[in-house]
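Residues per chain, in single letters:
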Amino acid sequence: MNEASQLYWNTYWDKQKKEKPSKVSAWQFGGDPDYLAQLVINGVKTATCSGHILYEIEQEPLPAVNDYSIILNSKDEPLAIIKTVDVKIMPMNEVPEEFAIAEGEGDRTYRYWKEVHVEFFTEALSKVGLEFSEDMLLVCERFELVDEKNK
């Protein structure tokens, strides 16, 4: 985590009357980090998904309920803190329409979600020598906005 994110995290928790969680991650959304982060701040985006295989390749732990994350913009500047409230692993072709809409992107239809995610995962998987499949496992995460920086 970069210095700006650590400072934001510490400053936020210094103001709380609760114990600071011991673990936090800082990351950007894929595709268009600035646009997607703004959707979170606007309360439109309350879910995200990622390829399960990519966690395995990068040897990263899967998200879990009650995890905290600092959302970064495209310049790695912290914008917000979110808390994971639900995680489910499922094949992409079984993601329900309601979840796709909760991702908040584009015209907020399942069709838009599918088109964008097929394109995104096809490109991401090709970079690691894998092919996209509609039954690839996704990590489907729901979250709530905890804080917006400089609000």
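In this report, we go over the structure that sits alongside the text. In this convention, every chain numbers its residues from 1, walking through the sequence in written order. Restriction of local features to residues with pLDDT of at least 70 applies here, the model being predicted, together with a cutoff of 80 or more for giving and counting side-chain atom pairs; totals for whole chains, interfaces and linings are based on all residues. Note that the side-chain values use all heavy atoms of the structure and ignore hydrogens as well as water.

## Here we look at helix α2 (residues 33–41)
For the record, the criterion: Residue exposure (1.4 Å probe, protein chains only): buried if accessible area is under 20% of the type maximum, exposed if over 50%, otherwise partly exposed. A helix here means a DSSP run of H or I that spans at least four residues, while a strand means a run of E at least two residues long, and both kinds are numbered starting from the N terminus. By definition, residues are in contact when any of their heavy atoms lie within 4.5 Å.
By the burial criterion, the buried members of α2 are P33, L36, A37, L39, V40 and I41. In this fold, the buried residues of α2 make contact with β3 (68–72), β4 (78–91) and β5 (137–148). Looking one or two residues past α2, G43 carries a phi angle of roughly 80 degrees, positive in sign.

## Quick word on the nonpolar core
Let me state the cut-off plainly: We define the nonpolar core as a collection of buried residues of types Ala, Val, Leu, Ile, Met, Phe, Trp, Tyr and Cys that are connected through side-chain atoms lying within 4.5 Å of one another.
Grouped together as the largest cluster of nonpolar side chains are 16 residues, with contacts concentrated most on C49, V95, W113, L138 and C140. Of all the secondary-structure elements, those providing two or more residues to this core are β2 (47–51), α4 (97–102), α5 (110–126) and β5. Take this core: its biggest share by element is four residues, from α5. Apart from the residues within four sequence positions on either side, V95 is in contact with M90, A100, Y110, W113, L138 and C140. If you look at the next biggest cluster of nonpolar residues, it comprises nine residues, including W9, Y12, V24 and Y68.

## Remarks on the packing of aromatic side chains
Heads up, the rule is: For Phe, Tyr and Trp, where Trp contributes only its six-membered ring, two rings pair if their centres lie within 6.5 Å, and the inter-plane angle classes them as stacked under 30 degrees, edge-to-face over 60, or tilted in between.
Considering all chains together, one arrives at eight aromatic pairs under this definition. Ring geometry for Y12 versus W13: centroids 5.2 Å apart, planes at 85 degrees, classification edge-to-face. Here W27 and F29 contribute two aromatic rings whose centre-to-centre distance is 5.0 Å and whose plane-to-plane angle is 85 degrees, an arrangement assigned as edge-to-face. For F29, a relative accessible area of 4% corresponds to the buried category. Aromatic rings pair up to connect W9, Y12, W13 and Y68 into one cluster.

## Looking at the pattern of salt bridges
For the record, the criterion: The term salt bridge refers to a pairing of a side-chain nitrogen on Lys or Arg with a carboxyl oxygen on Asp or Glu at a separation within 4 Å.
All told, the structure shown has eight salt bridges when counted by the stated rule. A salt bridge links E103 to K45; the nearest nitrogen and oxygen atoms lie 3.3 Å apart. With E103 in the loop between α4 and α5 and K45 in the loop between α2 and β2, this pair connects stretches of sequence that are 58 residues apart. Exposure class is identical for E103 and K45. Each is buried. Measuring nitrogen to oxygen at the nearest pair gives 3.2 Å for the salt bridge that ties E115 to R111. Of this pair, E115 and R111 are both found in helix α5, four residues apart, which corresponds to roughly one turn of the helix. When its relative accessible area of 45% is taken as the criterion, E115 is described as partly exposed. Here the salt bridges do not stand alone but share partners, grouping K45, E103 and E105 into one network.

## Regarding a negative patch on the surface
Under the convention used in this document: Patch membership is restricted to residues that have no salt bridge and whose relative accessible area is over 30%. Joining uses 9 Å for like charges and 5 Å for the nonpolar side chains Val, Leu, Ile, Met, Phe, Trp and Tyr. Exposure was quantified through the Shrake-Rupley algorithm and a 1.4 Å probe, taking into account, for residues, occlusion by the shown protein chains and nothing else. Note that His is not counted, nor are the chain ends; the positive residues are Lys and Arg, and the negative ones are Asp and Glu. One atom stands in for each charge, and that atom is NZ of Lys, CZ of Arg, CG of Asp or CD of Glu.
Among the surface-exposed residues, D32, D34, D76 and E77 lie close enough to one another that they form a single negatively charged patch. Within the secondary structure layout, E77 lies in the loop between β3 and β4.

## Observations regarding the side chain of T84
Stated precisely, the cut-off is as follows: For this analysis, a polar contact is any N or O atom pair within 3.5 Å, provided that within protein one partner can donate a hydrogen and the other can accept it, and provided that sequence-adjacent residues contribute only side-chain to side-chain pairs.
If you trace the backbone, T84 turns up in strand β4. Residue T84 is classed as buried on the basis of its relative accessible area of 1%. There is a polar contact of 2.7 Å between the side chain of T84 and the side chain of E141. Look past the residues within four positions of T84 in its chain and what remains in contact with it is A64, V65, N66, D67, E141, R142 and F143.

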